[in-house]
Amino acid sequence: MDKLVIQGGNRLNGTVKASGSKNSALPLMAAALLCDTGEITLERIPDLKDIRTFRKLLDYLGVETSYHENTLRISSSDLRCVKAPYELVKQMRASIYVLGPLLARFGQASVSLPGGCAFGPRPIDFHLMAMEKLGASISIEKGFIEAKIKGSRLKGTTIDFPTTTVGATGNTLMAAVLAEGTTLIKNAAMEPEIVTLCCFLEAMGARIDGTGTTTLEIQGVESLDAKDFTNIFDRIETATLLTAGAITGGSITVSDIDPGHLAAVLEKFEESGCSIITDSGSITLEGTDAIARTDVITNPFPLFPTDMQAQWIALMTQAQGTSHVIDRVYHERFNHIPELNRLGARIEIRNNEATVHGPTRLTGTTVMSTDLRASASLVVAGLVAEGVTEVLRIYHLDRGYEQIEKKLNSLGASITRESYQEFG
Ligand code: UD1
């Protein structure tokens, strides 16, 4: 296994390029299953473990893929298999994204249930409800979702999600574009990753109204054409890099981005005393030596993202005073707290609220995490901890951050990747 060894105390300065978005790349790859002819070229696909896992799943289904320097080619014409096996689904919950496209194209799908998650229950009931409303019959057998269409095509309908859900909105969209008639998705997610999926589907010939709003109206079409497409930047990677700049009091620029995707986060950086300068393709953050305590509440887009909660808490360990961070999306997503406290932070958890007492002196030690963003928060904290912080089980980080230590080192951090063996 790999670990990151961080020598804390360096101020970060300079410019880095944002990578392509992982959470947008995955539904784009799934949407490629909807095309039964031609080849699709997707640009700006990050080289990440989750992308490799999804590619393995596509390979398993009989899809031809090739990947070179962030360009992914997909040809789904030979796709025959409709089964997503446990071995792959358990590695990545987003595998559920194949359910909608497989049902739409073949009228059936068999997808393993994803199982537990490191930060609490993550049900898939909204995905199943939507597929049932579109006319599929669903049963759970031997740990698999067995879905089958009654007629020859899914049937357009109205789906009103009880809570905003990125994954189920994406899955429903992919199913509805080939359904017969009109589908209305109410309380749809407005995340940039969903907008990007809509744009890709529209480029392939889908008919979607309301892109970027909470109501999507989809007129089903009989088939889609293969089209090439460029993925968006990763807003969570970008915000994590900015947090690394902020916690060290440095000055960093992230380029190749759209600042509009991060408005809520940038507002919070400004509230914390950092100065933010944006232009159409970059964000510059100038840190402060007196970070102000700044409360955040996570919510669906366009509000503050849950995927930045852990990194924000790391930043608040260095703020003047006590801040409160409430996670309204995932109430149990706080595995990073005990580890941050081991570095010297003073954070308490009550229900879905973390109370962070700052500023605290952090001192390097060995820490470990159980999920992607928690790992990122430990790396961010390690940048200001005195001495050496070792972050174990870096495979979580590798799921979602492309060359993170190289990017941080290019800004002046001192991080090495080393392999180690776990006992027991
Ligand atoms: C996606 C992102 C993840 C991010 C999350 C919220 C990907 C690959 N992952 O996850 O990084 O943290 O959005 O922004 O894009 N829910 C249900 N039933 C369902 C589906 C969801 O109860 O069937 C609940 C979830 O438990 C959660 C909330 O709805 O509390 C939002 O989840 P959702 O937006 O669906 O998250 P994902 O798409 O899984």
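Residues numbered from 1 in each chain as written. Predicted model: local features only at pLDDT ≥ 70, side-chain atom pairs only at ≥ 80, totals over all residues. Heavy atoms only, no water.

Help me understand the overall build of the protein, please; the structure alone is not making it clear to me.
Scanning the protein for helices and strands turns up 14 helices and 24 strands. Computed over C-alpha atoms, the radius of gyration of the protein comes to 22 Å, within 12% of the 22 Å expected from 2.2 N^0.38 for 424 residues, which places it in the range of a compact globule. By residue count, 57% of the 424 residues in the protein fall in the buried class. Sequence-distant contacts in the protein: of pairs separated by 6 or more residues, those separated by 24 or more amount to 74%. (Helix = DSSP H or I, 4+ residues; strand = E, 2+ residues; numbered from the N terminus. Rg over C-alpha atoms; globule rule 2.2 N^0.38 Å. Buried < 20%, exposed > 50% of the residue type's maximum accessible area, 1.4 Å probe, protein only. Contact = heavy atoms within 4.5 Å.)

Explain the environment of H357 here, please?
Along the chain, the position of H357 falls in strand β21 (residues 353–358). The sequence separation of H357 and V111 amounts to 246 residues, and the corresponding C-alpha distance is 44 Å. Here H357 is in contact with G321, T322, R346 and E348, once residues within four sequence places are set aside. Among the polar contacts listed, one links the side chain of H357 to the side chain of T322, at a separation of 3.1 Å. (Polar contact = N/O pair within 3.5 Å; in protein donor to acceptor, adjacent residues only side chain to side chain.)

What's the story with the packing of aromatic side chains in this structure? I'm lost.
Think of a pair of aromatic rings as described by two things: how far the centres are apart, and how the planes are tilted against each other in angle. With the rule as written, the count across this model stands at 4 aromatic pairs. Seen from their ring centres, F200 and F229 are 5.1 Å apart, and the 45° between their planes marks the pair as tilted. Here F200, found in helix α7 (residues 192–203), pairs with F229, found in strand β14 (residues 229–230); they are 29 residues apart in sequence, far enough to count as distant. Relative to W312, the ring of F304 lies with its centre 5.7 Å away and its plane at 75°, an arrangement referred to as edge-to-face. The pair F304 / W312 is uniform in exposure class, with both members buried. (Phe/Tyr/Trp six-rings, centres within 6.5 Å; stacked < 30°, edge-to-face > 60°.)

Which parts of the structure should I look at to understand the environment of G358?
Structurally, G358 is set in strand β21. In this structure the C-alpha to C-alpha distance between G358 and S110, which are 248 residues apart in sequence, comes to 49 Å. Once residues within four sequence positions are removed from consideration, G358 is found in contact with M316, T317, A319, Q320 and G321.

Help me understand the packing of helix α10 (residues 309–316) against helix α12 (residues 372–382), please; the structure alone is not making it clear to me.
Two numbers describe a pair of packed helices, the interaxial angle and the distance between the axes. Contact geometry for α10 and α12: axes closest at 7 Å, N-to-C directions at 20°. One element, α10, and the other, α12, form an angle in the roughly parallel class. Helix-helix and strand crossings are classified by hand; for α10 and α12 the assignment is right-handed. When α10 is examined against α12, the residues A310, Q311 and A314 are found in contact with a partner set consisting of R373, A374, A376, S377, V380 and A381. Its residues assigned to classes, the contact of α10 with α12 comprises 6 nonpolar, 2 polar and 1 charged. (Axes fitted to C-alpha atoms, helices over the stretch in contact; angles between N-to-C directions. Parallel < 35°, antiparallel > 145°, perpendicular 65-115°, else oblique. Left-handed = near helix turned anticlockwise from the far one by under 90°. Nonpolar A, V, L, I, M, F, W, Y, C, P; charged D, E, K, R; others polar.)

Sorry, what's going on with the side chain of S375 here?
For S375, the position within the fold is in helix α12. Residue classification places S375 among the buried residues on the basis of a relative accessible area of 0%. Once residues lying within four places of it in the same chain are set aside, the contact partners of S375 are S369, H396 and L397.

Would you mind showing me how to read the nonpolar core here?
One recurring pattern in soluble globular proteins: nonpolar side chains tend to sit buried together. If you look at the biggest cluster of nonpolar residues, it comprises 75 residues, and the most contacted ones within it are L42, F54, L173, L201 and L224. The element contributing the most residues to this core is helix α1 (residues 22–31), with 6 residues. Aside from chain neighbours lying at most four places away, what touches L42 is L28, M29, N70, T71, L72, I74, F200 and F229. One finds I6, A239, L315 and L408 within the second-largest nonpolar core, a separate group that totals 62 residues. (Core = buried A, V, L, I, M, F, W, Y, C linked by side-chain atoms within 4.5 Å.)

Looking at this model, I keep getting lost on the domain arrangement of the protein. Mind explaining?
Interfaces are often sized by the amount of accessible area the parts lose when they come together. Once the domains are mapped, the protein shows domain 1 (2–19 + 233–419) and domain 2 (22–230). A C-alpha centroid distance of 30 Å is found between domain 1 and domain 2. Listed as interface residues are 24 residues of domain 1 and, on the opposing side, 19 residues of domain 2. Carbon and sulfur atoms make up 53% of the surface buried where domain 1 meets domain 2, a total of about 1,900 Å² over both sides. (Domains from an automatic or database assignment. Buried area = accessible area lost by both parts, 1.4 Å probe.)

Explain the sheet that holds strand β1 (residues 2–7) here, please?
Within a sheet, adjacent strands bond to each other through the backbone by hydrogen bonds, running parallel or antiparallel. Within the open sheet, the 4 strands sit side by side as β22-β23-β1-β24. Their pairing is mixed. Edge positions in the sheet fall to β22 (366–368) and β24 (414–419), since each of these pairs with one other strand and no more. Averaged over all pairs of adjacent strands, the angle between strand axes in this sheet comes to 25°, irrespective of strand direction. Note that β22 and strand β23 (residues 388–392) share 3 bridges and pair parallel. (Pairing = 2+ DSSP bridges.)

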